[in-house]
Amino acid sequence: AKAARARRRNTLMHVGGDYHSVAGSGITSKENLEYNLRYGVRHLTAQIRKRSRDGGWDLDELKRMQDDCGRAGVVFEAIRMDPDYITYRKGPERDRVLDNVLGNIRKASQAGVKVITYHWTVIPIRRNRETPGRGNSTYQGFRLEENWKDLPVGKSGEVGSEDYWERISYFLGKAIPVAREHGVKMACHPYDPPGLPFGYQGAANWDSPSVFEAIKRYESIVDSPYNGFQLCLGTTAEGLNNPKSQILPIVQYLGERGKIHQIHMRNIRGGLHDFEEVYPDEGAMDFFQVMRILRDVQFVGSICPDHMPRHPDDPGRLESFAFGYGYIKALIQAVNSEVKEG
């Protein structure tokens, strides 16, 4: 029988901030760094705005961002990569795009960044409704259209399941060895929402029809600690019939394997094919149970609030993300208070 894991405090997981909510002129601006520090956020994930025509990142910009963070006592922890690669079919153009990705992995390492997150979107993420939330805030949601077969095919054309997985396998086979060589973890965010029927806007998305089975397949293609996930709890829940119970074994499975490189803590009401995004304390999932798992598997990385609701008085969502930061910090303290130090 497998020995029970000794429960101990997790001093390695931490709240993180990212590009979803930025104060001031940029993510490493004085205004944004101070905004994050006010709410106890010392780890950031950035999107790189300055790119060459071929998609390459500007190493000088990365180093400037790292210096900005260093002076403020903040860790420039991760970068979100654009999804261009997945839209290309086999051929020299795809190889050229992939070569730029490999170059960006090297640049991230040179700038001291340890994680690259990415999100494969053959078709854009889907939202098709808004509902009123508490305090006159707005919740975005999605309900599978009855006429979904009549929706126009996306810009990438028809992409079947075999083709999609070939693109993923080719990417992982090339990127993960480079990531391992340079000490940069690659963190895949599930497509949003998972479980769309095959052929939706011409795509057979990789995380359909079962998001859990797809995650297992993805991480097994190149079984490496550098091939892992930006595990968005809200997105994953959108592909489940019973998010409250079904999210826990997914977190456990990936956490035990060291395949979670970052967490997006987003809550939803509903589930597969019918959901709305809500505040983290009012949705279907029990994040206290999720945090217990992350504690016990000694998850190392950021837990970031994500897709917080909007309000006219808070157009940049600085207030709602501040609530998210505090909520996550309280959860970390609460689960750690249950166990001894060490």
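See the structure printed just above.
We now turn to the structure provided with this report. (Residues numbered from 1 in each chain as written. Predicted model: local features only at pLDDT ≥ 70, side-chain atom pairs only at ≥ 80, totals over all residues. Heavy atoms only, no water.)

1. Digging into the environment of Leu 144
- Mapping Leu 144 onto the fold places it in the loop between strand 6 (138-143) and helix 4 (161-182).
- The contacts of Leu 144, once residues within four sequence positions are left out, are Leu 196, Pro 197, Tyr 200 and His 273. (Helix = DSSP H or I, 4+ residues; strand = E, 2+ residues; numbered from the N terminus. Contact = heavy atoms within 4.5 Å.)

2. Some points on the side chain of Asp 207
- Relative to the helices and strands, Asp 207 is located in the loop between strand 7 (185-189) and helix 5 (211-221).
- When sequence neighbours within four positions are dropped, the list of residues in contact with Asp 207 reads Pro 190, Tyr 191, Pro 194, Gly 195 and Ala 214.

3. Considerations on helix 4
- A rise of 1.5 Å per residue sets the reference length of helix 4, with its 22 residues, at 32 Å; its end C-alpha atoms lie 31 Å apart and thus fit the reference within 8%.
- Those residues of helix 4 lying buried are Tyr 164, Trp 165, Arg 167, Ile 168, Phe 171, Leu 172, Ala 175, Ile 176, Val 178 and Ala 179.
- Taken together, the buried residues of helix 4 touch helix 3 (92-110), strand 4 (115-119), strand 7, helix 5 and strand 8 (227-232).
- Among the residues trailing helix 4, Gly 183 stands out with phi positive, at a value near 70°. (Expected span 1.5 Å × (residues − 1). Buried < 20%, exposed > 50% of the residue type's maximum accessible area, 1.4 Å probe, protein only.)

4. So, the sheet that holds strand 5 (residues 129-132)
- Strands sit in the order 5-6-11-10 across an open sheet of four strands; the sheet is antiparallel. One side of each edge strand has no neighbouring strand; the edge strands of this open sheet are strand 5 and strand 10 (267-271). On average, adjacent strands in this sheet sit at an angle of 25° to one another, irrespective of strand direction.
- By the bridge criterion, four bridges tie strand 5 to strand 6 in an arrangement that is antiparallel. Residue pairing across strands places Glu 130 opposite Gln 140, the latter belonging to strand 6. (Pairing = 2+ DSSP bridges. Axes fitted to C-alpha atoms, helices over the stretch in contact; angles between N-to-C directions.)

5. Side note on the packing of helix 5 against helix 7 (residues 243-256)
- With their axes 11 Å apart at the nearest point, helix 5 and helix 7 run at an angle of 10° to one another. Compared by their axis directions, helix 5 and helix 7 come out roughly parallel. Residues Phe 212, Ile 215, Lys 216 and Glu 219 of helix 5 pack against Pro 249, Ile 250, Tyr 253 and Leu 254 of helix 7. (Parallel < 35°, antiparallel > 145°, perpendicular 65-115°, else oblique.)

6. So, the nonpolar core
- Grouped together as the largest cluster of nonpolar side chains are 94 residues, with contacts concentrated most on Trp 120, Phe 171 and Trp 206.
- No other element matches the nine residues that helix 4 contributes to this core.
- With residues near it in sequence (within four places) discarded, Trp 120 still touches Met 81, Pro 83, Tyr 85, Ile 86, Tyr 164, Ile 168, Phe 171, Cys 188, His 189, Tyr 191, Trp 206 and Tyr 218. (Core = buried A, V, L, I, M, F, W, Y, C linked by side-chain atoms within 4.5 Å.)

7. Details of the pattern of salt bridges
- All chains considered together, the criterion is met by 26 salt bridges.
- Between Arg 94 and Glu 166 there is a salt bridge, with the nearest N and O atoms lying 2.9 Å from each other. In this pair, Arg 94 sits in helix 3 while Glu 166 sits in helix 4, placing the two residues 72 residues apart along the sequence.
- Look at Glu 166 and you get partly exposed, because its relative accessible area is 23%. (Salt bridge = Lys/Arg side-chain N within 4 Å of Asp/Glu carboxyl O.)

8. What about unusual backbone geometry?
- Of note, the amide linkage connecting Asp 192 to Pro 193 takes the cis form, showing an omega dihedral of 5°.
- Here Ser 208 and Pro 209 are connected by a cis peptide whose omega angle stands at -5°.
- With respect to the helices, strands and loops of the structure, Pro 209 is situated in the loop between strand 7 and helix 5.
- Phi is positive for His 307, which is not a glycine, with a value near 50°.
- Inspection of the secondary structure assignment puts His 307 in the loop between strand 12 (301-305) and helix 9 (318-337).
- Classification of His 307 as buried rests on a relative accessible area of 17%.

9. What about the packing of aromatic side chains?
- Here the structure, examined in full by the defined rule, presents 19 aromatic pairs.
- On the basis of an interplanar angle of 80° and a centroid distance of 6.0 Å, the ring pair of Tyr 139 and Tyr 279 is categorised as edge-to-face. Here Tyr 139 is found in strand 6, whereas its partner Tyr 279 is found in the loop between strand 11 (274-278) and helix 8 (287-296), with 140 residues between them in sequence.
- Judged by relative accessible area, Tyr 139 falls into the buried class, the value being 1%.
- By way of ring pairs, the aromatic residues Tyr 35, Tyr 39, Phe 321 and Tyr 325 are connected into one cluster.
- Its guanidinium or amino end placed over the ring of Trp 165, Arg 217 lies 4.1 Å from that ring's centre, counting from NZ or CZ.
- The ring of Tyr 253 has Arg 257 lying over it, and the distance from NZ or CZ to the ring centre is 3.6 Å. (Phe/Tyr/Trp six-rings, centres within 6.5 Å; stacked < 30°, edge-to-face > 60°. Lys NZ or Arg CZ within 6 Å of the ring centre and 35° of its normal.)

10. Quick look at the environment of Gln 252
- With respect to the helices and strands, the residue Gln 252 is situated in helix 7.
- With relative accessibility at 28%, the residue Gln 252 sits in the partly exposed group.
- Along the backbone, Gln 252 and His 189 are 63 residues apart, and their C-alpha atoms lie at a distance of 17 Å.
- A distance of 2.9 Å separates the side chain of Gln 252 from the side chain of Glu 256, its partner in a polar contact. (Polar contact = N/O pair within 3.5 Å; in protein donor to acceptor, adjacent residues only side chain to side chain.)

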